[in-house]
Amino acid sequence: MSAAAPALVRLPVWRARFVMAGLVAAFFVLAARSLYLQAMQTQFLQEKGEARYSRVLEVPGTRGRILERNGEALAISTPVQSVWAIPGDVQAGPAQLKKLAALLGLETRELRGKLEDSSRDFIYLKRQIAPEAAEQVARLGLEGIYQHREYRRYYPGGEVTAHVVGFTGVDEAGQEGVELAFEPRLGGTPGSRRVIKDRRGRVVEDVESIRAAQDGRDLQLSIDGKIQSLAYAALKGAVAAHKARAGALVAIDVRTGEVLALANVPSFNPNNRARLSGAQLRNRAVTDVFEPGSTLKPFTVALALESGRVSPSSLVHIGSGGLRIANYTIQDPHAQTVLSVAQVIQKSSNVGAARIALALRREDLWGLFDRAGFGAAPQIGFPGEASGRLRPAQSWRPIEQATMAYGHGISVSLLQLARAYTMFARDGELVPATLLKSDAPARGSRVISAQTARQVRAMLELAVQPGGTAPRARIMGWRVAGKTGTAHKQENGGYAENKYIASFVGLAPASAPRLVVAVMIDEPANGQYFGGVVAAPVFAEVARGALRALGVPYDAPLEPVPLPGAGEEAREST
Amino acid sequence: MAKLNLLLLLVLVVCALGLVTSQHKARKLFSELERAQGRAHELDVEYGKLQLEASTWALHARIERVATGTLGMRTPDARQVRVVGVAGAR
C-alpha cells in the first residue's frame, strides 16, 4: 500500500465566503476612508500639509526720508540686525561664546545666562546691532543663533531739528512731530511673499510674491538747515545767558509762508531717547500758548488806523496817574503825558494802547484778532497745534477790551504770532504758514489795507531805533522793524509778580520784508527780563544770518550798529 | 485604436515634460528677480547710509566748528561784502 494520498478535506464553503466577504468589507472601508480624506477633508489636510513647509514672510516697506529744503536728510531709516537664538539648539565652546559676547557688546556671563534658559524657544540676544557686527556674528557660524532684519530711524540733525521732525517708536510708527503728522505719506506698506522652509527655518525656495512691498514717500520740509541750526544755537545761548526756563523761535518766509526755522529749547537727542522729560519734548512754539503782551499792540493800532479815527501823528493823552477803569488802574512808567500814535508803539505805552482800543468797537477788535488767526489752530498739519484763546466779543468788559489792546486776556502760540505779523510784512495780507517746501509764492488773504500795513511797519521800525524799546534788534546792513513784549506769566489764575515771558517779533528787511522772526523766552531769571534786552538780540542774530543765507540785498547804510547807551532804551511795563 | 492611444500617451508625456521645464524656468526666473530686487534694496540701503553719513559730516554746527576753529575763518563784516545785482533781477 502506498502512502495514502492526503485525504481531500472538504472545508465548509462558508469559510471561504467569510474570508472573501471580510476582504471585500475591508476594501470598502479603505475606499470609504480614502473617499472621506480625498473628497471631504481634502482642503483641511492640504492646509495642514502646507503649514509644515510653506511660510508667508512679511517684506517690510522702507519708511520715507525727511529732508530739509536743500535736500539734506533729517531722518533716514537704515536696516540693522537683531540677533536671536533658540537656547536648546546652541552648541558653542567657551571661546566661541566669548567671541560672540564681545561682538554683541555683552558680558560673557550675561550671554551664558541668557542661553541657559532652555525652556524658551526664542530669545533676543541683542536687538538692532550694526550690520558690520552682524556679519561677523554670522561668520562665527554658530548653531542655533539667527538674525533678522529690522529698521531703525536715524536723525542726523539731532537736537537741532528734534521738535520739528519728531521721532518714531521701535516699530517705526511716527510718535511725534512731522513723523506723526505725515505718517500716512512716510510709512511704507509691508508686502508679503510665500517661501518654502525646511525644519530649521531656512528658506529653501521662493514660491511666489503675494504682494510687493510699498516704500514710503520722501517728505521735503520748508525748514532751512542753516537757519534752523543758527536759530537753535542763538536761542540756546540766550536761554543759558538769562537762566531762562525755556525758549522758542519761529522764522517764516514772508513770500511763501514757509516756516524756515522752528526751534525750541530745551531740546533732546532723538537718536537716544533713554531719559526724556516732558519739558524737553514740548514743541513750545506750536503747542504752548502764552499771553503775548505788547506784541499785540500793533494790531490794535492797525485797526484804529484802518477805521480812520487816528493817523500815526494823532496825539493820545497818557496822563501821569495811569488809566483807571472800574477798580483797575493801567500803569505806564513813561514820563510823557502826551504821545503820538506812532510813539505809543515805539515806547510801548499800555495806557496809550488802552485808550486807542477803548475808542474802537469791541466787535471790530475781535474781528481783527480773528482774521489775524488768533483763537484758531494755524493748520500747518502739526500734531497738537494750539489754537489759543480768544473769547467772543460779547463777553468783553471794558477793562478787558483795554487790556486786550496790549495783549493780556488773550493767549496765542508763537507760531500764530509770527504768522499774524506777516500781515504787516506783506502789505496787509496774511499768509498761511506751511511746514512743507513750496516753490510758488503763497496767496494771502487781505486783512488790513496796504497803507495801514506800511504805516504800522514804519512805527515798528521806530521801535528798534534809539528811543524805542528794542534798539538791540538792529543789524548792520538791513533795516529791521519789530515789537517787543514783556508779559507777566499767568499762574494760579493770577499774574506772577516776578515771572515774565520776554518776546520779540520782527520783520526784515523793513523796506521789502522777506522774513518774520518771532522769539519767546520763558522766565528769564538773570536780572534782565525785558523783551528788548532778552529776546531782541536773538532776533538780530538769527535775522542777520538768515538774510545773508537767503541772499537778501542790503537796504541800509553799512555802518556798525552801536549798542544803546544809557537812557536810549525805552522800558515797557508789560 | 491602440495606435491612437499610444500617440495620445506620447503627447501626454511631452506635455508633462513641458510643464515641468516651464515651471522650473519660472522658478529660476523668479529667484533671479528676487536676487535682483534684493540687490536693488541693498543698494538703496547703502545709499541711505551714505546719505546719513553725508548729513552727519555736513552738520552746520560741525562745519562752523571746523571753519572757525581749524581753518580760522570768520563771517565777513557786512561792509566787506559787495552785493552784485543781476541785470533785470530787481
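Scroll up a little and you will see the structure.
A brief look at the structure comes next. (Residues numbered from 1 in each chain as written. Chains lettered and ligands numbered in written order. Predicted model: local features only at pLDDT ≥ 70, side-chain atom pairs only at ≥ 80, totals over all residues.)

So, the overall build of chain A
What chain A contains, in helices and strands, is 20 helices and 21 strands. The C-alpha atoms of chain A give 37 Å as radius of gyration, which overshoots the globular expectation for 574 residues (25 Å, by more than 25%). If one aligns the C-alpha atoms of chain A with their principal axes, the spans along those axes are about 165 × 55 × 45 Å. Split into buried and exposed, the 574 residues of chain A put 45% on the buried side. Long-range contacts, defined here as pairs at least 24 residues apart, represent 72% of the contacts in chain A between residues at least 6 apart. (Helix = DSSP H or I, 4+ residues; strand = E, 2+ residues; numbered from the N terminus. Rg over C-alpha atoms; globule rule 2.2 N^0.38 Å. Buried ≥ 20, exposed ≤ 12 C-beta atoms within 10 Å, placed from the backbone. Contact = placed C-beta atoms within 7 Å.)

Describing the sheet that holds strand β19 (residues 481–491) of chain A
All names here are of chain A. If you trace the 5 strands from one edge of the open sheet to the other, you get β10-β9-β21-β20-β19, paired in antiparallel fashion. The open sheet is flanked by β10 (259–265) and β19, the only strands paired with a single partner. Between one strand axis and the next, the sheet turns by 10° as a mean value, whatever way the strands run. The sheet strands contacting helix α17 (residues 414–425) are β9 (246–253), β20 (494–508) and β21 (515–522), and the helix crosses β21 at an angle near 145°. Docked against the sheet, helix α20 (residues 536–550) engages β9, β10, β19, β20 and β21, running at close to 145° with respect to β21. (Pairing = 2+ DSSP bridges. Axes fitted to C-alpha atoms, helices over the stretch in contact; angles between N-to-C directions.)

Describing helix α9 (residues 225–241) of chain A
The end-to-end C-alpha distance of α9(A), which contains 17 residues, comes to 24 Å, matching closely the 24 Å that a straight helix rising 1.5 Å per residue would cover. Of all the 17 residues making up α9(A), 12 are buried; the element is thus mostly covered by neighbouring parts of the structure. By the burial criterion, the buried members of α9(A) are Gly225(A), Lys226(A), Ile227(A), Gln228(A), Ser229(A), Leu230(A), Ala231(A), Tyr232(A), Ala234(A), Leu235(A), Ala238(A) and Val239(A). Here the buried face of α9(A) lies against β9, β10, β21, α19 (531–534) and α20 of chain A together with α2 (60–70) of chain B. With its phi angle positive at about 45°, Lys243(A) sits one or two positions after the end of α9(A). (Expected span 1.5 Å × (residues − 1).)

Let's talk about the packing of helix α12 (residues 297–306) of chain A against helix α14 (residues 350–358) of chain A
Residue and element names in this part refer to chain A. At a minimum axis distance of 9 Å, the contact between α12 and α14 shows a crossing angle of 40°. Regarding the angle of α12 to α14, the classification is oblique. Between α12 and α14 the crossing geometry is left-handed. On α14, the residues that touch Lys297, Thr300, Val301 and Ala304 of α12 are Ala353, Ile356 and Ala357. The class makeup of the residues in the contact of α12 with α14 is 5 nonpolar, 1 polar and 1 charged. (Parallel < 35°, antiparallel > 145°, perpendicular 65-115°, else oblique. Left-handed = near helix turned anticlockwise from the far one by under 90°. Nonpolar A, V, L, I, M, F, W, Y, C, P; charged D, E, K, R; others polar.)

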